[in-house]
Structures are given as structure tokens and as C-alpha cells.
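Notes for the structure review
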Protein chains: 2
Amino acid sequence: MCDQLRWDYLSCYGHPRLHTPHIDGLAARGVRFTRAYVQSPICGPARMSFYTGRYMHSHGSTWNGIPLKVGEMTMGDYLRPLGVKTALVGKTHMVADKEGMERLGIDPTSIIGVRVSECGFDPYERDDGLHARGPDGGYDARQQPRYNKYLLDKGYVGDNPWHDWANAAQGENNRLASGWAMRNARRPARVKEEDSETPYMTRRGIDFIREAGAAPWCLHLSYIKPHWPYIAPAPYNDMYSAADVIPPVRSQEERRNPHPLYREFMNYRVSRQFAREEVRNGVVPVYMGLVKQIDDQMGVLFRFLEDNGYFENTMIVFTSDHGDYLGDHWLGEKEFFHEPSVKIPLIIYDPSQAANATRGSVCDDLVESIDLAPTFLEFVGADPAQQSHRLEGRSLVPLLHGRRPPDWREFVVSEYDYSIQPAGAALGVEPRDARLFMLADKRWKYIHAIGFRPLLFDMATDPSEFRDLGADPACEAVRQRFAAELGRWGLRQSQRQTRSEQQVRAMRGRAERRGILIGVWDESDVADEYWRGYLGEER
Amino acid sequence: MCDQLRWDYLSCYGHPRLHTPHIDGLAARGVRFTRAYVQSPICGPARMSFYTGRYMHSHGSTWNGIPLKVGEMTMGDYLRPLGVKTALVGKTHMVADKEGMERLGIDPTSIIGVRVSECGFDPYERDDGLHARGPDGGYDARQQPRYNKYLLDKGYVGDNPWHDWANAAQGENNRLASGWAMRNARRPARVKEEDSETPYMTRRGIDFIREAGAAPWCLHLSYIKPHWPYIAPAPYNDMYSAADVIPPVRSQEERRNPHPLYREFMNYRVSRQFAREEVRNGVVPVYMGLVKQIDDQMGVLFRFLEDNGYFENTMIVFTSDHGDYLGDHWLGEKEFFHEPSVKIPLIIYDPSQAANATRGSVCDDLVESIDLAPTFLEFVGADPAQQSHRLEGRSLVPLLHGRRPPDWREFVVSEYDYSIQPAGAALGVEPRDARLFMLADKRWKYIHAIGFRPLLFDMATDPSEFRDLGADPACEAVRQRFAAELGRWGLRQSQRQTRSEQQVRAMRGRAERRGILIGVWDESDVADEYWRGYLGEER
């Protein structure tokens, strides 16, 4: 998993200037999904959906830093009992529910406590890759990353080599030029390429696989790049230039009388920056370089897997937690629902014979990030249907085997909670109401904003999503259809997590068999011999 | 709390033949609510809503025997940290989430484990009062009640004195006449009145209060009666006769082309039984006798509280977990949404000075059972708003003090999951779709049935709820209004339980203060002195 990698910045997804042969090679051996969406276009909530297989509305981790509550099951909780060692190398953006653990007497340092704190993974190398510092202190107080120790051992001195070497360049007059300032994007990071984050994490992933041996395992190899800070080591910092930057997908039409929320997002500092050519020409080439570095590292990883025979028995998924606007639609970052933000690259290699029919094929069915957990369950031989009371996604294995279920989903859902963002304060919206819901099928994208009119895009006639039809009288019927669909979705059963559909069916009639006789007048009302003579009548 | 006590079977609520002076006396000193609704008209889910302060759709314990998942906070979790000992005497119908506790390494025998298994209460005397046995064994395998030991010590021999003495009469030829058979209802239970369940639990409640001493406490004194089995000890078994039975509220109009679900409920054995006069005349007088016995025991309890000065500092709530159709609307039991089932008696005595203005008054505002948890929090001096991310109810204290908030709720919500009931199987509805949602304001009652047309009652023109307007074209606008309201309700934020509204507001802008600079080009984009010289520029 990459962080903030747009779906379309890979050559197999059609980027004209960014050549990613290793990732393309995986697509050639697997299935490439063209309509894969995340459940929230921001790191934390999106990842909690990947890990729990549940919508944000169900798992409740609604923004970065909102802890995933104790009790929410994750991939590891499902896979570990099946004998699959489930481990993490890299980022999760998970914050532990310390209060909940304390209330339940769970020691955070116990094996269970650590797994609860790491979304159910065994942390082989947990590193969220955001070791920033500011006037109020460090962003990720949770940990001092092993990566910093690695850099120190390599002679990169300082109290935070992650920033000073891997994410900063040399500034004027021996001053640091932090990667947090986009003006420095094109400068080379001070660290040697082999010591930068992406190759380091690849090596750590390979270390884990080596150590894991023959026992089944599931590795979440999770890269921070091409996420901020936008800075790359040589040679990736100037591998691409302004000439390689594809034009932004935006139109003056979008700025005319925009939806109040969209207007607020366009007013964000990051959006205003990416409206400037200087910024795009400075940042996008480096973003491309960071993706290129990831592709090269995929080459290293795949070669290791090939040389050691792992392609014969290992499912490989390449994806991202969300995209990056990079100036499209007059926005920067992610956090809204245009395709560059909410759609992700998703490539799945399934080693099984049954998948031979689909190798190198493209799947345009509607897919959600919550589908991966049930996919892994089915891949290791379990029946995801037994978990349908908890897992809200659907296994992709049938699609990987070319057996598309006739009842496949007709729309995807994504959510965003802007209560912590400036828009929430600027519009004076209460946190509990600062929420957006996107429903999209293969043609329409409908965005429900509590307290505002909806947004609507027709991706068939307006594939660039320039025309918001949210107030167009001609689309009233479409909006009503999606509003009704969203209402049904909201009422779905997502919290009966202690009993499955099968267990519920098995409960039918059980109470009477255990003596709870409701509506019995006399023995003639109960068939079982057990009751004879028990209810007061003569035999 | 009583179990299955109808709102209108008390003289203060207008019953013409059943005189309940002690409960009426509490109403004379407190506030009597006329529009109090449970969140689900069945024991388990209703109680889990009382205890968690959350809708069934949020806590997920959707039927009797569906465990409340580990992590759902309850009254005890809120009150105990405030120094309030929170204890249980009697019934909860709670089933522990054993699987969840095991997954999280919580020892069920530890103090925390026991509280997790008892909805957060310290079990002073846990007794669900349904120690039935059948061909498949006991209904409540969890425990052998102390009450059985009490009866044995008193000389009531047998392996299940609860049934054989407290819930059975003497049958013909020395045979037992089980209370589970309604034909035996009018016979006296074999146990002496003082040894029957209701007085026993009253004494146990008083024992707890005596032992608790001066420290703050919250006691959930929870009676099984007048719930099944319908059988009472002398003299309560024949204190009332068929002459005291008020006529059933039902109309032939209801049987003409009824809603498919309502038809199924009318076809239940218990409903067909209560359509018979013989059954009503046999059962209702005993039901009344059991209520009368509870009123007498309230007299015992209140006298104790009075004699020991507790009325000066103790909030006293008298209520029930749901009602009982007793043949109204051609139904028995509860589990549907007519007033006899979903409305409950609710009387609250608040000792504080501020409540003097409302003593003896009647409140017809819309109230839900989930309002009690926040009410208790406010009564002990905490601010329920700090828990609004978890508690979905509203404190009733303002109403008790005659300060009705202008923004008080405009409708109540109740739910019922019939997936385990015969209707689910008969109509071939998948468990996940076998769910009903009731929305009611002061005039309309709207019932949404997934996969079916809704039901609608106009309680202004049809107070008896005889005319289902769910298909009446004249009411289309009303149905659409409630459908939209239900859609909004379904999207409410109920799972962000790890951070409060206040904490979310406090998170605004925090990331940048900790070094996550998003959208910064150079130092001119950041105000704080901290960044000077850090981003690569000359000073």
C-alpha cells in the first residue's frame, strides 16, 4: 500500500510520462481494477476501513487521530485464528483507544494490547512516516521510529534524521531546506537514495518474509510515499521536469457559484497553492519521482518473491489509501470526492489456477477498499459469508476468477468528516453534522452534505466532473433515487457483531425448546412429549 | 423496573379497576410521563438501550440472547468513575459477549469481566427470573439463581423450585400445573406470597441499600413480573375476576387486508390465544394481581426509604421495559408498535428543590428510555453533553425542573428485529432485512418495514390505532416526511465513541502546530516564529 498515490499516476493506468514497468508487470499477471474506491479520502479512516472491512460510519474512526475503538475486529483478528501470521511493516495511521483499553483492563504492552493498538497487526516495523515537529511538539508522540536509529547508525546526525536528512534538502548558508516547504520540492533530499524511506521499508518487508519462513503470513507493507513531504532523494528529485507534468483537470466553470462546501475546500491554503503553475511544476515532478522510486522498489520486491518461489502461493495486492488532487478541480491534498481523490489504483495477483483466465485483464466493476479483508479470508480458505455480520465488503475472489456474481453491488459509498477541517469552523457546522456521504455507480456520483444541497456529477456526459448537477431541476429524479439509496444504506445492520446471520437463523424456536412457553393454553398447544403431564392435565 | 408492565395498568395512568396507591403516590411526588417509549418492544434490546443510553441500531444487541458487544459503555461505566456504586438486583436479560472477551483477553471472572458480563452493573443479585427447562435443557444456563437456594432453605423441595413452587400451581392428581400453561393462570402459585419473586427481590433491594451505607449508589431493582409465566401466589391470584377485565382494544377493521407483517403477528399462537375471551378472562385478572403485588411491594420499599430519609437525596424512577398486548389489536405478548406494547409507564421522583415546581405534574413531552442514563449523569452532577458522542438520549432533568428545552426532540424511535421470530421465516426475509423502525411524534406513528410498504397511524383522529394509513394516497406527504426523517436518523453519527464533540473541536489546527505543514510554499505561509530559518530561506 502506498500513501496518497493517485489511481492514474501509473503507466498501466494510462499516465503518458510516468513509466512504471514493475507495477505494470504485476497488472499483466493479475487483474487491474478501474473502479476501486476508498471508504474515506483521508489516511486514518480509509485505512481503518481497509483493516476492518467496514464503512467509516460503522467503525467510527472518523478522522486522523480518532482512535479505532476497542472491539472493532481487523484483518489480524480474522486471519490469525486461521494460522496466518498477520504483520505490519510501515504505516497504519492508527491511534490506540487507550481509554477503552484502560476501561477493559487491557495492558497496552501485552500481546493483545499491542495488537489492539496496531489494528490487529503484529508490528514488525511500525512507522507512520510522519515524524514532524512543531511549536507544540511532535506529531507522532507514540514512537521514536527505528528508521531514525538506522539513519543515525549510518552517520546521519541530528535529533530527527527522518526530517533533517530524509525529508529535507540543503538550504542556503548551511541552513536546512525542509521538505514541508514546497519551494524545496525539487531539491534532493540529503539522504542517499538507498537510505531513504521507500527502499528501507522494502528491505524490512523482505526481512519479515525471510524470517516468516514456510508458515502462512499476511504482510501489510505500507509506504508513506508519495505522501507529503514532497521531497525525493537523487536521482528521483529531478528525474522529471515541468515538461512531464500533465495539465490539471480543472475548469473556470467549477469556480462559478460553487457548492458552499466545495468553495471552502477551494479556499484552503493548499488548494490556492496548487492553483499556481509554479507549485504544480515544482511538486508534480517530484511526486512522479517518488512514484518511480516505489516502482523500482516493487522491482526489488518482486524479484525477491520470484527468486524464492513466492509467486506460486502468494496473493499480491498493490494499492493506495487515497489519491491526491495535485491541483485538479482547484484543490490540493484529497478529502473531497472527485476521482483523483477517492479512486485508487488496485491490482491483485492471485496465484491460483482458477485465476489464470483473468491474468492481465481489466475489471471495471465497482469495488471498495472494504472488499480486501473478505478477499483475504476467502484466499486462505475461509468463508467470508460467516463474517457478513461484521465484514461489510465482498470478496473479490469471484471477480479474480472471472465469475462475476450477478448480484454484484450497484454503487460504492465513501464518507468524509470535515468537522476537524477549516470548512467545519468556517461554515459553523456542528461536528456531528460536518459529514459528507458519496454514492457512486458507473455513471453518477452523488454527494450528500448534511444541511446543504447535494452535489451530483454525470460521469458519462461529464467524465471530468466539471458540472455539478446538484441543483439542476432536470436531475431531481436521479437525486431522489440516490437519496433513497443512501437512506437504505444508513439503516443497514452494522452493529450486530456478536452473532452471524447463520447463528440468528439457528436461534429460531430455541427459547420454546428450552421451556419458554409463550401462548400455551394447555398440552394440546405443545407437541413435544416432554410436556406431557407437566401442564396440569390428566394424561 | 418491571418487566412487561403496560403503561396503562396503573390507576395513576387511568386504569379503572386496578388500584395502585403506592405507585400513584410516587407520581404525586414526582413527574408522570405520558409519552415514554422504549427503543425496542422486547426485553433484551430494550434493556440494553436503557443501560447504554443508545438506540438498538447503535448498540447492536438486536434480540434476546444477542450479546451486547464488549466495549459498549453502560450506566455503570459512566457512574462508577463519579464515585457511584452501580448495582443490580434482579433481571437484565443480558448475555455476555464471551467471544469478544476471550479475543481481548478479559477474564470473565475478573471484576471488569463480571461488569462486562452484567451491563456494567455490580451484580448484587442477578436473577433474570426465567429458569425454565425444556426438551433441550435450561433457558438460562448462565446461572443457578440464589432464589432457588432461598426456596430450598424454606423447604420448597425439587430441582427447580423457581418453577415448581413460584411458577406452578397444584394440578389434578398431585400433578404440577405449570404457570406456562395459561389455563392454570387463575390457580394460586404453590409458594407462599412472602416467598414469591416480587417480595423476595424487594427485600434483596433493601438489603443492598442497607449495606451500601452513605456512599452514593445507583440500584437497578429489576422485577420479572408481571412477565410470563402468568401465575400469582394467593391472594393475588384471585384478587381480580373477569368482571374487572377491561375490554380489548381491537376492531374487525384491523383484520381486513392487514399489512403482511401485522398479519403474521396476528397469526402467532399467542395472538390467537388472546383473541379468545376465555384466555383474557383467565390471564388478565392474574396480570392485574401481579401488578397489584408489585404496587404493594413498592409500598414496602417506599416505607423503608421514607423511614431512612432516602427521599431527601434519592432519585426514584418507576418504569417497565415494554408493555403487553393482552389481546389488544388481536395480538399477545409485545414486539410490535401499538401503544400497549411500545409505550411504558415512567414516573420520576427528583428530591432536589428545583423539582418542587413539577411535583405531581404530568409531562406529555416525547421521552425515550435512552434518556435515563444521561438523566442519572446530570443528577449526580456530571455534564451529559460531554458524553453526547456515545449517549444518544437526553437528560430529563430540565423537564423535571419545569425548564423544557425549546429544541426538545420532535419524534421518538423504536426498533424491532423479527429475524428470530416466525414472521421472519414465514415471509422468507433474510435476517439482515427482518427489521422494523417506528418513528412517532405526538400525532403520527410511522412504521418502516424493510421490503414492505410502511404502516401509518394518525393518533389524533384514530387514538386506538385501528386504521393503518400506510397505503392511503392522502397520506403520501406524511409518509415522505417520516421516511426522510428516518433516513436522517440512520445517518446519525453513533460510532465515533472515542472522541467527544468538544475533543473534536480541540483537534482543529492541531496537526500544523505539530509540524504537519500542508500547502506551505515558503516561510511567508506560516506565521509562527518556530518556522523561521527552518524552511530554507535566508533570515
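Residues numbered from 1 in each chain as written. Chains lettered and ligands numbered in written order. Predicted model: local features only at pLDDT ≥ 70, side-chain atom pairs only at ≥ 80, totals over all residues. Heavy atoms only, no water.

1. Quick word on the overall build of chain A
Assigned secondary structure in chain A consists of 19 helices and 16 strands. Compactness check: chain A gives a C-alpha radius of gyration of 25 Å against a globular reference of 24 Å for 539 residues, within 12% of the reference. For the C-alpha atoms alone, the extent of chain A along its principal axes is close to 105 × 60 × 50 Å. The 539 residues of chain A split such that 65% are buried. (Helix = DSSP H or I, 4+ residues; strand = E, 2+ residues; numbered from the N terminus. Rg over C-alpha atoms; globule rule 2.2 N^0.38 Å. Buried < 20%, exposed > 50% of the residue type's maximum accessible area, 1.4 Å probe, protein only.)

2. Focus on the side chain of B:R269
Along the chain, B:R269 falls in helix α11 (residues 269-274). At 3.0 Å, the side chain of B:R269 forms a polar contact with the backbone oxygen of A:D525. Leave out the neighbours within four places in its chain, and B:R269 touches A:E512, A:I518, A:G519, A:V520, A:D525 and A:V526. (Polar contact = N/O pair within 3.5 Å; in protein donor to acceptor, adjacent residues only side chain to side chain. Contact = heavy atoms within 4.5 Å.)

3. A look at helix α17 (residues 476-490) of chain A
Compared with the 21 Å implied by 1.5 Å per residue over 15 residues, the 21 Å span of α17(A) between its first and last C-alpha is a close match. All of the buried residues along α17(A) are A:V478, A:R479, A:F482, A:L486, A:G487, A:W489 and A:G490. (Expected span 1.5 Å × (residues − 1).)

4. Here's the deal with the interface of chain A and chain B
Between chain A and chain B, the contact holds 109 residues from the first and 108 residues from the second. Taken over both partners, the interface formed by chain A and chain B buries close to 9700 Å², and the fraction arising from carbon and sulfur atoms is 54%. Of all residues in chain A, the largest losses of buried area upon contact with chain B belong to A:R269, A:L491 and A:W521, amounting jointly to 9% of the total for that side. Residue A:D136 is joined to B:R513 by a salt bridge in which the shortest nitrogen-to-oxygen separation is 2.8 Å. Linking chain A with chain B are 56 residue pairs in polar contact (both at pLDDT 80 or more). Classifying every residue of the side of chain A that touches chain B by side-chain character gives 42 nonpolar, 33 polar and 34 charged. (Buried area = accessible area lost by both parts, 1.4 Å probe. Salt bridge = Lys/Arg side-chain N within 4 Å of Asp/Glu carboxyl O. Nonpolar A, V, L, I, M, F, W, Y, C, P; charged D, E, K, R; others polar.)

5. Here's the deal with the packing of helix α9 (residues 197-212) of chain B against helix α12 (residues 277-307) of chain B
All names here are of chain B. As a packed pair, α9 and α12 sit with axes 9 Å apart at the nearest point and diverge in direction by 20°. Between α9 and α12, the interaxial angle falls into the category roughly parallel. Note on packing geometry: the crossing formed by α9 with α12 is right-handed. For the pair formed by α9 and α12, the contact residues are T198, P199, T202, I206, I209 and R210 on the first element and Q293, I294, Q297, V300, L301, F304 and L305 on the second. Grouping the amino acids of the contact of α9 with α12 by side-chain chemistry returns eight nonpolar, four polar and one charged. (Axes fitted to C-alpha atoms, helices over the stretch in contact; angles between N-to-C directions. Parallel < 35°, antiparallel > 145°, perpendicular 65-115°, else oblique. Left-handed = near helix turned anticlockwise from the far one by under 90°.)

On their own, these measurements won't tell you what the molecule is for.
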